[in-house]
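Architecture and fold: a report
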Amino acid sequence: MHLLLHLSMHLSMLPDRAIAWANRLSERQLFWLVMGLTALVIFWGLGLRSPWPADEPRFAEIAREMVDSGQWLIPRRGGEFYPDKPPVFMWTIALFYKITGNLRVAFLLPSALCALITAALVFDLGRRFRNAQTGALAVILLLFAPQFLIQAKSAQIDAMIACWVTVGCYGLSRHFFERPNWGLYFTAWGFMGLGIITKGVGFLPLLMLIPIGLLALNKRHDFGPSLSWRCAAGPLVMLLVVAAWIVPMLMHVDQLDTAAAYAYRDNILLKQTAERYTDTWTHLNPWHYFVSNVIPVLWFPLPLIAIARWRELAENLKTRPLLMTWFVWVVLVILFFSASPGKRGVYILPALPVFALVLATAVSDWRSVRWLSIALTAVHLLLAVTLAAVMIMVWLDHPLLMDRLSDYNNDPDNLSLITAFIFSVALTWIASLILFWRSAADARLFVALMISFVLYSSLGYMALEPIRTPRDVLANTEEFLPVDSQLGLIAFKEQFILFSRLDVTHFSYLADPAEQERNAWRWQEEGSNRYLLVPDNLELTCFRADSAPVMGVAHRARWLILGREQRLAGCEAAIQRQQFTTQSPGRWLR
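Here we take up unusual backbone geometry. Here the residue pair P53 and A54 is connected by a cis peptide bond, since its omega of 15° sits within 30 degrees of zero. Relative to the helices and strands, A54 is located in the loop between α3 (27-43) and α4 (56-69). Look at the link from F300 to P301: it is a cis peptide, with omega at 5°. Positionally, P301 belongs in the loop between α15 (289-298) and α16 (302-308). Even without being a glycine, S508 presents a positive backbone phi close to 80°. Inspection of the secondary structure puts S508 in the loop between β4 (504-506) and α26 (513-525).

Quick look at the state of the cysteines now. What the rule picks out here adds up to 1 disulfide. At a sulfur-sulfur separation of 1.9 Å, the disulfide partner of C542 is C571. An S-S torsion of about 50° defines the bridge between C542 and C571 as right-handed. On the criterion of sequence distance, the pair formed by C542 in the loop between β5 (530-535) and β6 (550-554) and C571 in the loop between β7 (557-562) and β8 (580-582) is long-range, its members being 29 residues apart. A single burial state applies to C542 and to C571, both of which are buried. Among the cysteines around C169, which has no disulfide bond, C163 carries the closest sulfur, lying 11 Å off. Left unpaired, C231 is separated from the closest cysteine sulfur, that of C169, by 16 Å. Judged by relative accessible area, which is 13%, C231 ranks as buried.

We now examine the packing of helix α8 (residues 132-144) against helix α23 (residues 441-468). Interhelical geometry of α8 versus α23 gives an angle of 60° and a closest axis separation of 10 Å. The orientation of α8 relative to α23 falls into the category oblique. For the pair α8 and α23, the sense of crossing is left-handed. Contact with α8, carried on its side by I140, L143 and F144, involves D442, L445, F446, L449 and M450 of α23 and no other residues of that element. The residue inventory of the contact of α8 with α23, partitioned by class, reads 7 nonpolar, no polar and 1 charged.

Analysis parameters
- Residues numbered from 1 in each chain as written.
- Predicted model: local features only at pLDDT ≥ 70, side-chain atom pairs only at ≥ 80, totals over all residues.
- Heavy atoms only, no water.
- Helix = DSSP H or I, 4+ residues; strand = E, 2+ residues; numbered from the N terminus.
- Disulfide = S-S within 2.5 Å.
- Buried < 20%, exposed > 50% of the residue type's maximum accessible area, 1.4 Å probe, protein only.
- Axes fitted to C-alpha atoms, helices over the stretch in contact; angles between N-to-C directions.
- Parallel < 35°, antiparallel > 145°, perpendicular 65-115°, else oblique.
- Left-handed = near helix turned anticlockwise from the far one by under 90°.
- Contact = heavy atoms within 4.5 Å.
- Nonpolar A, V, L, I, M, F, W, Y, C, P; charged D, E, K, R; others polar.

In structure tokens form, the structure reads like this:
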């Protein structure tokens, strides 16, 4: 009993002892330790899952089509121009797909590598402007905020744009506050240009010039030769990088000389930039959305740390121009996105690395703030209790939970994997709270969070794969249809193209479902062995769905096959004839 108690006491202090040991490492050793931990969590599970909605299948399919067709200049989705985003992110997925031949690996690599680069830049800035421990702490705070790892492990553009923005901030910070470095200065502008042809908002580091300019008005001598006429060449570098894609794209559009090509040009240059910012049609949220909904949750616990040591933070901001510049830049980024009526949580991700740097550099031991430790322990306890309750509901096959799961998938083997995943995560949060009870609250919470991400990237991936993809529906469809069948899609999402081993025809993703249905009716009439896969919640006017075979459940809808038996005698003609065919897009599946 005495031995067990002794071991328990030592175990309970393990996270704190690990931190104390890390602080004794050399600068190089600390860098590799922190980057090794970051890489482990980010890359764990790479290749274990397929692209998941909402955005991943779209980008993966576009990249797959680039490699398959050799057409890289203008992105295409199922053969149709994709006008919502510039091509850089899709290019990187396509490049890794071409190199590896494995789409499951390739589609996540760009975000993962960009997140790792971001963490390395954060460490280096903290090291240069204070010490290696500050750099390490900044990276730990970055990992702590859930938004960073969520995007690092997702094939969305935001981790990449955050990286390009961080490179821009890195170059400007070192040039103006360390010593003049024109190579880094122009590199910052170059990455702003790269960011613009990645997601439009790559110019965000420009906002850093506002506080820098205000500081220069009062203390011009502090900046010395870093502020000179050469600075004016920075925007030219940015425009040259933007032109590297824009000019060939415009030339290609003129060469194609089609209505679809001109519509793509106008959409990508106007509708998806200024119009989307000022008069958006999606993701409408109130002005305070980021401050009230996003930052408290997705940047947790960083806002609490800032509040807990606000006096020290304010004092450091007053006396250290670089910290004030970083902090004002973070505020300006949040204000910039708050001014637009359209808001998504990921929009402010580029500000998170710099905010983590501000806290790591300006705030000392927040563990001495008792209420913060209590608050972090309370959050840990609340999550542990909630997960324990879910675990018990799963154990008892609670009908409410089982009914919700059955909306997505009815496979008993998959339900067993989901149960194992829920149990493992729940036990992680309960055990970390009990075993490390003598360690600091933030250390306990960090350990639980990192283990949870590792579990999510292994058991979670395997459990959620059948739920997050239409794999089973399309497998059933391929088995049900004759060998030489062609498949048409109405009111679909990109994953139904990506996962189909059959030739797939769609009738413009951008058209309304009624127009798609009219074109689909005509397409089916013009050939044999042509079938349509549609969701059961679609209102049909050219087909009857009452006798249609059910292929399964995906994305909370039952999917039906419409053959000639389900056709009505006639159908109104489509306003515009549109159809796009992709040959066996699911060849990447293994």
